[in-house]
Amino acid sequence: MSVGAASGLVAGLILLNLDNNGLTYVEGASISVTTDKNDYKRGEPIQVRVINTGTMPLETSKQWNLRITGLSGMLMYDAGERAYNVLSPGLDDTIVWNQTKNDGNVVLEGLYRISVEGTDADGFTVQDWITVSIWK
């Protein structure tokens, strides 16, 4: 029983130490997404940070193909078109989402998945996602 309790404590501490800023930089194409925190009040702006965590420039014709969905996969927000953009290795771009859906309505409380993607010069697409909570 004590082994189970100790294992649970260790697993809990490991999960507590996992945060959005634990970035891993790799050789080749890589993209990462983080937010300024994990839990938000309803209506609070969410700062989405897109980071090139690889050694190759990434490009996009959309706003990093930013998509926000409910955990069921239902699309809530798509950043839409924006001028062609290039992100050099190690640099980042910040996008602020005001918790509104594409139809202009404010999203409800719950869990949301924020995903981004970019493409390297060879046409290889890389993606990353994060989950955030919105509460009253």
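Above this text you will find the structure in question.
Since this is a predicted model, take the numbers as computed values, not measurements.

Let's shift gears to the overall build of the chain. Helix and strand counts for the chain stand at 1 helix and 10 strands. Secondary structure of the chain in N-to-C order comes out as α-β-β-β-β-β-β-β-β-β-β. In the chain, buried positions account for 37% of the 136 residues. A fraction of 63% describes how many contacts in the chain between residues 6 or more apart in sequence connect residues 24 or more apart.

Given two aromatic rings, their pairing is described by the distance between the two centres and the angle made by the two planes. With the rule as written, the count across this model stands at 2 aromatic pairs. Note on Tyr77 and Trp97: the rings are 6.2 Å apart at their centroids and 35 degrees apart in plane angle, and the pair reads as tilted. You can see Tyr77 sitting in strand β6 (residues 75-78) and its partner Trp97 sitting in strand β8 (residues 92-97), a full 20 residues away along the chain. When the ring of Trp97 is compared with that of Tyr112, the centres are 6.3 Å apart and the planes differ by 65 degrees; the resulting orientation is edge-to-face. Here Tyr112 lies in strand β9 (residues 110-119) and Trp97 lies in strand β8, a separation of 15 residues in the sequence.

Here we take up the environment of Pro89. Inspection of the secondary structure assignment puts Pro89 in the loop between β7 (81-87) and β8. Along the sequence, Pro89 and Thr53 sit 36 residues apart, while their C-alpha atoms lie 6.4 Å from each other. Those residues within four positions of Pro89 in sequence are excluded, and the remaining contacts are Asn52, Gly54, Thr55, Met56 and Pro57.

The next point concerns unusual backbone geometry. Phi at Asn65 takes a positive value of approximately 45 degrees, unusual for a residue other than glycine. Mapped onto the secondary structure, Asn65 falls in the loop between β4 (58-62) and β5 (67-70). Phi at Gln99 is positive, roughly 65 degrees, even though this residue is not glycine. For Gln99, the position within the fold is in the loop between β8 and β9.

Reading guide: rules and limits
Residues numbered from 1 in each chain as written. Predicted model: local features only at pLDDT ≥ 70, side-chain atom pairs only at ≥ 80, totals over all residues. Heavy atoms only, no water. Helix = DSSP H or I, 4+ residues; strand = E, 2+ residues; numbered from the N terminus. Buried < 20%, exposed > 50% of the residue type's maximum accessible area, 1.4 Å probe, protein only. Contact = heavy atoms within 4.5 Å. Phe/Tyr/Trp six-rings, centres within 6.5 Å; stacked < 30°, edge-to-face > 60°.

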